[in-house]
Amino acid sequence: MTTPTPPATAPTTGPTTPAGGTATRLRNGELRAMVAKVLADNPATIHTPGGIAHTLNRSSGAVGNACKALTDRGEAELAVTAPLAYRATATTAATAATAITPAPPRAPRPPRRTRPAMTPAAPPTTAAPSGAGSATTRPARKVTGPVKRPNGMDYHPRLLSGMPDVTALARLRDAGVAALLYGPPGTGKTSVVEAAFNDCLTVQGDGDAVVADLVGDYTKTPDGDFVFVHGPLVRAMREGVPLFIDDATLIPPTVLAVVYPAMDGRREIVVKANGGEVVHAAPGFYVVAGHNPGVHGAILTDALSSRFSVHIQVSSDYALAEQLGVDKKAVRVARNLATRQEKGEIGWAPQLRELLAFKKLADAWDLDAAAGNLVGIAPEEDRVTVAAVVRDVFGKTVTPLALGARITTKP
């Protein structure tokens with residue numbers, strides 16, 4: 001097997017991090033094209049995500065996601081599984097060509113019309129800014145500790161831009177700025193949204209979603225009649241509450257497009273299935289969404305990305321896991337695997353959800369069983385690495401949970 005080696009030199013294909021500065025924000029799909037160009041420029045070499053990241057001066061985690069996306073699209077291929085390494089295919093060069101395509105210039109804005117001077121009206125006392133509820137009608141909560149979610153569980157806020165994350169999200173709602181939370185499953189995206197907005201309605205996204213799941217559909221009553229039952233999007237708009245679209249990128253783009261008119265300056269939708277009913281958004285209506293990069297079937301389209309002006313990465317808080325009583329060895333395993341994942345060596349690492357499940361299983365059975373389950377829930381392609389890390393940290397070899405010999409009754 002060929003040993004993966006990064007190319008000696010490879011031209012960068014887009015904005016990188018200037019010396020002493022911060023990385024330039026890339027457009028959707030641009031990093032994928034940049035990675036494709038590195039592969040296409042060196043087709044005989046196999047490349048690790050870490051090596052490509054070094055060449056492009058970009059995050060190895062982001063490059064790893066780009067490599068996986070290219071592979072899923074048939075524009076690259078996985079050459080080595082441990083550590084992960086990729087190489088070009090016949091279609092890689094075509095994708096790479098888009099990395100050097102300049103963005104079309106923006107059309108100049110038309111001159112603003114001058115209106116005649118008018119006597120200003122008295123400011124309203126309860127009106128809400130476009131796209132949000134008014135801060136005067138919904139005072140900000142003082143956050144000094146755990147926040148209760150609607151299910152009664154405690155959420156432990158984290159800092160976001162120098163303030164508690166629940167406070168930061170509340171301010172975005174008041175300002176009418178839609179937020180997209182992204183990160184691996186189990187990192188707490190749903191938890192922070194529910195803690196910030198205890199009045200939110202939730203839509204669970206999946207590939208089978210249809211427009212009716214958002215706006216509603218006709219339902220047969222016990223007496224045989226049909227009535228139109230409005231969906232969560234319409235209810236949230238009318239009630240002036242947040243709508244959380246979980247796993248939004250699993251919903252077909254043509255279905256998700258029904259939400260967009262409610263998010264922009266129109267703040268209304270037309271329910272065609274109910275006779276063209278027009279629904280207007282009440283003050284306080286707000287849309288926040290969750291996205292799991294790397295999950296099979298997740299598609300972050302340009303239309304979706306542009307509708308959410310703020311993108312917030314959500315990662316697992318391993319220090320919180322320890323505070324919540326998760327065994328320190330399990331947390332050490334998770335940190336080790338997260339580092340390897342960041343380097344592109346593996347594709348999976350336990351998140352907060354898996355660590356809390358570890359604690360419950362350890363309390364119900366014992367540590368060995370919980371450690372064995374940690375190996376068992378790992379994806380098959382990463383299981384050998386996970387088992388090795390668990391063995392090194394726990395000091396013993398554990399195997400995935402499995403039924404043993406049949407229990408027999410002694411004579």
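Here we summarise the structure given alongside this text. Everything numeric in this text was worked out from a predicted model, so none of it was measured. (Residues numbered from 1 in each chain as written. Predicted model: local features only at pLDDT ≥ 70, side-chain atom pairs only at ≥ 80, totals over all residues. Heavy atoms only, no water.)

**Here we look at the overall build of the protein**
Let me state the cut-off plainly: Helix and strand labels come from DSSP, where a helix needs a run of H or I of at least four residues and a strand needs a run of E of at least two; each type is numbered from the N terminus. Throughout, exposure labels follow a simple rule: accessible area from a 1.4 Å probe, protein chains only, divided by the maximum for the residue type, with under 20% read as buried, over 50% as exposed, and the rest as partly exposed. Between two residues, a contact is recorded if the distance between any of their heavy atoms is within 4.5 Å. Working definition of accessibility: Shrake-Rupley area with a 1.4 Å probe, residue cover restricted to the visible protein chains.
Along the backbone of the protein there are 16 helices and 15 strands. Buried positions account for 41% of the 411 residues belonging to the protein. Intrachain contacts of the protein at a sequence separation of at least 6 include 66% that bridge at least 24 residues. Surface accessibility of the protein: about 22,800 Å² in total, with carbon and sulfur atoms responsible for 55%.

**Quick notes on the nonpolar core**
What counts here: Among buried residues, the Ala, Val, Leu, Ile, Met, Phe, Trp, Tyr and Cys ones that are joined through side-chain atoms within 4.5 Å form a nonpolar core.
Leu233, Ile245, Val259, Ile269 and Phe285 are the most contacted members of the largest nonpolar core, which totals 33 residues. For this core, the elements supplying multiple residues, two or more each, are β8 (201-204), α7 (212-215), α8 (232-239), β11 (242-246), α9 (253-256), α10 (260-263), β12 (268-271) and β14 (286-291). It is α8 that contributes the most residues to this core, 4 residues altogether. Beyond its immediate chain neighbours, meaning those up to four positions away, Ile245 contacts Val203, Ile251, Leu256, Val259, Val287, Val288, Ala289 and Gly290. Counting 28 residues, the second-largest nonpolar core is a separate cluster that includes Val326, Leu337, Leu352 and Val386.

**Description of the pairing of β8**
Selection rule: Two strands are said to pair when DSSP picks up at least two bridges between them.
Only one face of β8 is covered, namely the one carrying Leu201 and Val203; the face carrying Thr202 and Gln204 has none of its residues buried. Two elements, β8 and β11, share 4 bridges in a ladder whose sense is parallel. The residue of β11 that forms the bridge with Thr202 is Phe244.

**Observations concerning helix α5 (residues 165-175)**
Note: α-helices contain 3.6 residues per turn, so residues at a spacing of three or four share the same orientation. Across the 11 residues that make up α5, a large majority, 8, are buried. Every buried residue belonging to α5 is among Asp165, Val166, Thr167, Ala168, Leu169, Leu172, Arg173 and Asp174, and all of these are buried. Backbone geometry just after α5 places Gly176 at a positive phi near 70°.

**Observations concerning unusual backbone geometry**
What you tend to see is this: most non-glycine residues have negative phi, and most peptide bonds are trans. Phi at Asp247 takes a positive value of approximately 55°, unusual for a residue other than glycine. Assessed through its relative accessible area of 14%, Asp247 is described here as buried. Its identity is not glycine, yet Arg267 carries a phi of approximately 50°, on the positive side. In this structure, Arg267 sits in the loop between α10 and β12.

**Things to note about the packing of helix α1 (residues 30-41) against helix α2 (residues 49-56)**
Our working rule: In this description, a line fitted to the C-alpha atoms serves as the axis of each element, helices being fitted only across the stretch in contact, and the angle between N-to-C directions of two axes falls anywhere from 0 to 180 degrees. The cut-offs work like this: below 35 degrees is roughly parallel, past 145 is roughly antiparallel, 65 to 115 is roughly perpendicular, and the gaps in between are oblique. Here the term charged refers only to Asp, Glu, Lys and Arg, the term nonpolar to Ala, Val, Leu, Ile, Met, Phe, Trp, Tyr, Cys and Pro, and the term polar to all other amino acids, Gly among them.
At their nearest, the axes of α1 and α2 sit 11 Å apart, and the two run at 105° to each other. In terms of their interaxial angle, α1 and α2 are classed as roughly perpendicular. Where α1 approaches α2, its residues Leu31, Met34, Val35, Val38 and Leu39 are matched on the opposing element by Ile52, Thr55 and Leu56. Residue classes in the contact of α1 with α2 are distributed as 7 nonpolar, 1 polar and no charged.

**So, the pairing of strand β10 (residues 226-230)**
Note: strand β9 (residues 216-220) against β10, 5 bridges, orientation antiparallel. Pairing of Asp217 across the sheet is with Val229, part of β10. The loop that links β9 with its antiparallel partner β10 comprises 5 residues; one of these, Gly224, has a positive phi angle of about 95°.

**Thoughts on a negative patch on the surface**
The condition that has to hold: Any residue with relative accessible area above 30% and no salt bridge may belong to a patch, with like charges joined within 9 Å and the nonpolar Val, Leu, Ile, Met, Phe, Trp and Tyr side chains within 5 Å. Any Lys or Arg side-chain nitrogen located within 4 Å of an Asp or Glu carboxyl oxygen qualifies as a salt bridge. Counted as positive: Lys and Arg. Counted as negative: Asp and Glu, with His and the chain ends omitted from the count. Note on charges: their place is set at NZ of Lys, CZ of Arg, CG of Asp or CD of Glu.
A surface patch of negative charge is lined by Asp206, Asp208, Asp213 and Asp217. One can find Asp206 in the loop between β8 and α7. Residue classification places Asp206 among the partly exposed residues on the basis of a relative accessible area of 35%.

**Overview of the packing of helix α15 (residues 367-376) against helix α16 (residues 383-394)**
Heads up, the rule is: Handedness of a crossing is defined here by the sense of rotation of the near helix relative to the far one, left-handed for an anticlockwise turn of less than a right angle and right-handed for a clockwise turn.
Where α15 contacts α16, the axes come no closer than 8 Å and their chain directions differ by 155°. With respect to α16, the axis of α15 lies roughly antiparallel. Handedness of the crossing formed by α15 with α16: right-handed. Along its contact with α15, which presents Ala371, Leu374, Val375 and Gly376, the element α16 presents Arg383, Val386, Ala387, Val390 and Phe394. Residues that form the contact of α15 with α16 fall into these classes: 7 nonpolar, 1 polar and 1 charged.

**Focus: the packing of aromatic side chains**
Operational definition: Two aromatic rings from Phe, Tyr or Trp, using only the six-membered ring of Trp, form a pair when their centres are within 6.5 Å; if the ring planes differ by under 30 degrees the pair is stacked, by over 60 it is edge-to-face, and anything between is tilted.
Applying the stated rule across the entire model yields 3 aromatic pairs. Between Tyr218 and Phe228, the aromatic rings sit 5.1 Å apart at their centres with planes inclined by 80°, giving edge-to-face as the arrangement. Of this pair, Tyr218 sits in strand β9 while Phe228 sits in strand β10; the two residues are 10 residues apart in sequence, bridging distant segments of the chain. For Phe228, a relative accessible area of 13% puts it in the buried group.

**Points about the environment of Thr249**
Inclusion rule: For the purposes of these results, a polar contact is taken to be a pair of N or O atoms within 3.5 Å, where, inside protein, one atom must be able to donate a hydrogen and its partner to accept one; residues adjacent in sequence count only when each atom of the pair is a side-chain atom.
Relative to the assigned elements, Thr249 resides in the loop between β11 and α9. With residues up to four places along the chain from it excluded, the contact list for Thr249 reads Gly290, His291, Asn292, Gly297, Ala298, Ile299, Leu300 and Leu304. A polar atom in the side chain of Thr249 sits 2.7 Å from the side chain of His291.

**Topic: the sheet that holds β8**
In sheet architecture, strand pairing relies on hydrogen bonds along the backbone and comes in two forms, parallel and antiparallel. Read from one edge to the other, the open sheet built from 5 strands follows the order β8-β11-β14-β7-β15, with strand pairing classed as parallel. In this open sheet, the two edge strands, each paired with only one partner strand, are β8 and β15 (310-313). On average, each strand axis in the sheet is inclined to that of its neighbour by 20°, with strand direction left out of account. As paired strands, strand β7 (residues 179-182) and β15 are joined by 4 bridges and run parallel to one another. Paired with Tyr182 across the strands is Gln313, a residue of β15. Strands in contact with α5 are β7, β11, β14 and β15; relative to β15, the strand with the most contacts, it is inclined by about 165°.

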